[in-house]
Amino acid sequence: MSTLNNSTNVFWQECQVGKVDRQKLLNQKGCVVWITGLSGSGKSTLACALSRELHSRGKLSYVLDGDNLRHGLNKDLGFKAEDRAENIRRVGEVAKLFADAGLICIASLISPYRKDRDACRAMLSDPNFIEVFMNMPLELCESRDAKGLYKLARAGKIKGFTGIDDPYEPPENCEIEIEQENGVCPMPAAMAGHVVSYLEEKGFLRVQ
Ligand SMILES: Nc1ncnc2c1ncn2[C@@H]1O[C@H](COP(=O)(O)OS(=O)(=O)O)[C@@H](OP(=O)(O)O)[C@H]1O
Ligand SMILES: Nc1ncnc2c1ncn2[C@@H]1O[C@H](COP(=O)(O)OP(=O)(O)O)[C@@H](O)[C@H]1O
């Protein structure tokens, strides 16, 4: 039986130290960089390169990777649509906490359904949710097949695999799109640089 929506008679507790104080301490603004795309599109690679680049600039970030979270927080969830929705909802809530802590939270999940990603966007105030679309062709992702999962999906040994027999709905209004240039995928450092430039331009890497 579901116990969702059972939190009644609970009250919000305020604390004297708030987000603005934490941001001053860190000299940065908390936000969520949400990386979406097919398996093998380079989400984790970008997340790590971005976290490394921010670290080298003295900026505090934390990566929430779909694969990793499914080892703990989300180990009870599978890949049917409602499980993916709950996966995204939970990660959205955790990312919101990290952003409130003043961190640049980097979430890298397939997050294939538009409405689930949009619900996360709605959870945060809009400029603080930066959606990055890894727009890599299925053929490239499948040719990489770092984990051998596409092969298993093609052989029918994994059912409901994103891009094969489960849909991926590309974003319609993402803040950043990473694409191949002349048929070549940008290097990880270049992809990270693209996101860092955006964060810099929008004022997330300082507190005035
Ligand atoms: N059916 C199916 N479809 C897609 N992916 C699958 C599936 N089964 C297992 N995997 C592995 O799970 C990783 C995706 O987890 P996510 O939490 O990011 O998925 S989702 O956002 O809930 O759709 C994904 O990791 P990445 O390759 O890093 O994307 C896969 O390794
Ligand atoms: N920009 C890139 N250039 C070359 N290879 C890449 C790039 N991004 C990712 N890869 C390679 O593609 C594979 C899948 O990348 P990964 O980051 O694990 O994707 P995802 O997290 O979306 O599943 C890995 O072997 C990785 O080294």
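Residues numbered from 1 in each chain as written. Chains lettered and ligands numbered in written order. Predicted model: local features only at pLDDT ≥ 70, side-chain atom pairs only at ≥ 80, totals over all residues. Heavy atoms only, no water.

(A) Representation of helix 2 (residues 43-56) within the structure. Given a rise of 1.5 Å per residue, 14 residues ought to cover 20 Å, and the 20 Å separating the end C-alpha atoms of helix 2 matches this to within 8%. Looking only at helix 2, the buried set comprises Lys43, Leu46, Ala47, Ala49, Leu50, Ser51 and Leu54. On its buried side, helix 2 packs onto strand 1 (31-36), strand 2 (61-65), strand 3 (104-108), strand 4 (129-135) and helix 8 (188-201). Following helix 2 by one or two positions, Gly58 has its phi on the positive side, about 75 degrees. (Helix = DSSP H or I, 4+ residues; strand = E, 2+ residues; numbered from the N terminus. Expected span 1.5 Å × (residues − 1). Buried < 20%, exposed > 50% of the residue type's maximum accessible area, 1.4 Å probe, protein only. Contact = heavy atoms within 4.5 Å.)

(B) Here's a closer look at the UniProt feature "domain: APS kinase" (unreviewed entry) in the protein chain. Under the UniProt annotation, the feature "domain: APS kinase" (unreviewed entry) is placed at residues 29-178. Secondary structure content for residues 29-178 is 41% helix and 17% strand, and the end C-alpha separation is 23 Å. (UniProt positions renumbered as here; feature names shortened; annotations may be inferred.)

(C) Examining the packing of helix 2 against helix 8 more closely. Interaxial distance between helix 2 and helix 8 falls to 8 Å at its minimum, and their mutual angle equals 60 degrees. With respect to each other, helix 2 and helix 8 are oriented oblique. Remark: the crossing between helix 2 and helix 8 carries right-handed chirality. Taking contact as the criterion, the partners of Thr45, Leu46, Ala49, Leu50, Glu53 and Leu54 in helix 2 are, on helix 8, Pro188, Met191, Ala192, Val195, Val196 and Leu199. Considered class by class, the residues forming the contact of helix 2 with helix 8 number ten nonpolar, one polar and one charged. (Axes fitted to C-alpha atoms, helices over the stretch in contact; angles between N-to-C directions. Parallel < 35°, antiparallel > 145°, perpendicular 65-115°, else oblique. Left-handed = near helix turned anticlockwise from the far one by under 90°. Nonpolar A, V, L, I, M, F, W, Y, C, P; charged D, E, K, R; others polar.)

(D) Quick peek at the site of ligand 1. Near ligand 1 you find 20 residues, and of these Ser39, Arg70, Asn87, Ser111 and Lys147 are the closest. Arg70 is positioned with one of its side-chain polar atoms (N or O) 2.8 Å from an oxygen atom of ligand 1. Within the side chain of Asn87, a nitrogen or oxygen atom sits 2.7 Å from an oxygen atom of ligand 1. Coverage of ligand 1 by the protein chains reaches 92% of its 630 Å² of free accessible surface. Mapped by element, the contributors of at least two residues to the shell around ligand 1 are helix 3 (66-69) and helix 4 (81-100). Sort the elements by how many residues they give to the shell around ligand 1 and helix 4 lands first, with three residues. Residues that form the shell around ligand 1 fall into these classes: seven nonpolar, seven polar and six charged. (Near = heavy atom within 4 Å. Polar contact = N/O pair within 3.5 Å; in protein donor to acceptor, adjacent residues only side chain to side chain. Areas by Shrake-Rupley, 256 points an atom, 1.4 Å probe, with all protein chains shown as cover.)

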